[in-house]
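Fold and contact review
Each chain, letter by letter, is given below.
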Amino acid sequence: MTDHATDSSPTTDSATDSNDARTNDSPTVLVLRRGTHGMPVSDYADELRERLPNHEILHATTPDEEREYIADAEIVTGMTIDESLLAHAENMELFACAYAGTGHLPLDALESRGVAVTNASGVHGPNIAEHVVGAMLTFTRKFLRAGRQQSRREWRHFQAHELQGSTVTVVGLGAIGQAIVERLDGFGVETVGVRYSPEKGGPTDEVVGFDDLHDALARTDYLVLACPLTDDTRGLLDAAAFDTLPSHAVLVNIARGKVVETDALVSALRGNHIRGAALDVTDPEPLPEDHPLWTFENVLITPHMAGHTPEYYSRLADIVAENVAHVTETGSYDDLRNRVR
């Protein structure tokens, strides 16, 4: 979403007041104009200024300002950057992506220019983990049914379940997957983690590789997808996977829509091959109004908003400011936190 903040100058008064404290070795930081989750990106620029009072923090609010400011900025941060804007970046050494995923970036073009890339891994952990636990409890206690009955003013008892004693399989044990497992710790569940390198272990009771995915699925009550979208995970949950899952299993997807084959999911729901699904991401996305997924009473759909938190820019600024301080102190773009390229 485009930021509609009204500040038209590259710095605020607070940043200008610190001009005298800046050093010639302090890299200039540019915040691009696009925000996320409806939050003005000017708030992100302000968070950076609080943490980096001795640095010039530029905030571009128009395409012209982006092209102008990026010519001199050593560090650029934002949700995305395209190759047309990148062509104006004469001094950029680091692009600090404000998303955890970087597949949407022109990574080859950035690499060819020698630009380091970091991501926002860790920003989403608490909020997405809470979203997942809330989705699981929604199905455990049948809150979807309760909501329908309440809308009809219908006082009628129904049977629910317990989360305790369930087996929760989490595919992907990055920062988000780990945060999910941590928050499940007090629920008395067994946890299975699926990751590319199972020898690295993890916070789950058991860790397996993708070669053993079906063995894990066969004993899963709640399946949480928290993995990145890669060539290996695209279509990971296909018709064969739904055949392996027990019919009482619930799918929670906060990864990417394309990790699940949508037609296979619809077929599984129609055939009662799974108990339900909580989908924060879909394929296609946005989900068309006439899509069959809207019609199922055992499907909870949220519009790709599990990542929203009022602490988003604050946590992101902590990561970026730490890396800017590292560059300032060492003059090196090596050993950056969350470096992906």
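Residues numbered from 1 in each chain as written. Predicted model: local features only at pLDDT ≥ 70, side-chain atom pairs only at ≥ 80, totals over all residues. Heavy atoms only, no water.

**Quick look at helix H8 (residues 175-183)**
Taken as a whole, H8 has its buried residues at Ile176, Gly177, Ala179, Ile180 and Val181. Summarising the contacts, the buried residues of H8 are in contact with helix H6 (125-140), strand E6 (167-171), strand E7 (190-194) and strand E9 (222-225). (Buried < 20%, exposed > 50% of the residue type's maximum accessible area, 1.4 Å probe, protein only. Helix = DSSP H or I, 4+ residues; strand = E, 2+ residues; numbered from the N terminus. Contact = heavy atoms within 4.5 Å.)

**Details of the pattern of salt bridges**
In total, this model carries 15 salt bridges according to the counting rule given. One salt bridge connects Asp318 with Arg51, and the closest N-O pair in it is separated by 2.6 Å. Of this pair, Asp318 sits in helix H12 (residues 312-330) while Arg51 sits in helix H2 (residues 41-51), and the two are 267 residues apart along the sequence. Note on Asp318: relative accessible area 39%, which makes it partly exposed. With a closest N to O distance of 3.9 Å, Asp334 and Arg339 form a salt bridge. Owing to a relative accessible area of 47%, Asp334 belongs among the partly exposed residues under this scheme. Here the salt bridges share partners, and the residues they tie into one network are Glu47, Arg51 and Asp318. (Salt bridge = Lys/Arg side-chain N within 4 Å of Asp/Glu carboxyl O.)

**Structural notes on the confidence of the model for the protein chain**
Summing up the model confidence of the protein chain, the mean pLDDT is 92 and the portion of residues at 70 or higher is 93%. With pLDDT under 50 throughout, residues 1-24 is counted as low confidence; its partners more than four residues away or in other chains account for 45 contacts. (pLDDT = per-residue confidence, 0-100.)

**Overview of the sheet that holds strand E12 (residues 299-301)**
As summarised here, the arrangement of the 7 strands in space is E8-E7-E6-E9-E10-E11-E12, forming an open sheet in which the pairing is parallel. Each edge of the open sheet carries a strand with a single partner, namely strand E8 (206-208) and E12. The sheet shows a mean angle of 15° between the axes of neighbouring strands, taken without regard to direction. The sheet contact formed by strand E10 (residues 250-253) and strand E11 (residues 276-279) spans 4 bridges and is parallel. In the sheet register, Val250 faces E11, and the bridge partner there is Gly276. (Pairing = 2+ DSSP bridges. Axes fitted to C-alpha atoms, helices over the stretch in contact; angles between N-to-C directions.)

**Notes on the nonpolar core**
Core analysis: the largest hydrophobic core is formed by 33 residues, its most contacted members being Val171, Leu225, Leu237, Phe242, Leu251 and Leu265. If you list the elements that add at least two residues to this core, you get E7, helix H9 (213-217), E9, helix H10 (239-244), helix H11 (262-270) and E11. It is H11 that contributes the most residues to this core, 5 residues altogether. In contact with Leu251, not counting residues within four places along its chain, are Leu223, Leu225, Leu237, Phe242, Val260, Leu265, Gly276, Ala277, Ala278 and Leu279. Of all hydrophobic cores here, the second largest spans 28 residues; its members include Ala45, Ala321, Val327 and Tyr333. (Core = buried A, V, L, I, M, F, W, Y, C linked by side-chain atoms within 4.5 Å.)

**Looking at H6**
Under the 1.5 Å per step criterion, the end-to-end length of H6 is 22 Å for 16 residues, consistent within 8% with the ideal 22 Å. Within H6, burial applies to Gly125, Asn127, Ile128, Ala129, Val132, Val133, Ala135, Met136, Thr138, Phe139 and Thr140. Within two residues after H6, Lys142 carries a phi angle of roughly 55°, on the positive side. (Expected span 1.5 Å × (residues − 1).)

**What about the sheet that holds strand E4 (residues 94-97)?**
The strands that make up a sheet pair up through hydrogen bonds in the backbone, lying either parallel or antiparallel. Spatial strand order, E2-E1-E3-E4-E5: 5 strands in an open sheet with parallel pairing. Strands with a single pairing partner mark the edges of an open sheet, and in this sheet they are strand E2 (57-59) and strand E5 (116-118). Strand-to-strand, the axes of this sheet are offset by a mean angle of 20°, without reference to chain direction. Across 3 bridges, E4 lies against E5 in parallel orientation. Considered in E5, the bridge of Phe95 is made with Val117. This element, H2, spans strand E1 (29-31), E2 and strand E3 (75-78) of the sheet and lies at about 175° to E2.

**Digging into the environment of Arg148**
Position of Arg148 relative to the elements: it lies in helix H7 (residues 143-151). Residues Arg148 and Gly331, spaced 183 residues apart in sequence, show a C-alpha to C-alpha distance of 59 Å.

**Overview of the pairing of E7**
Counting buried residues along E7, 4 of its 5 residues qualify, which places the element largely inside the surrounding structure. Bridge count for E7 against E8 is 3 bridges, and the pairing is parallel. Within the sheet, the bridge partner assigned to Gly193 lies in E8 and is Val207.

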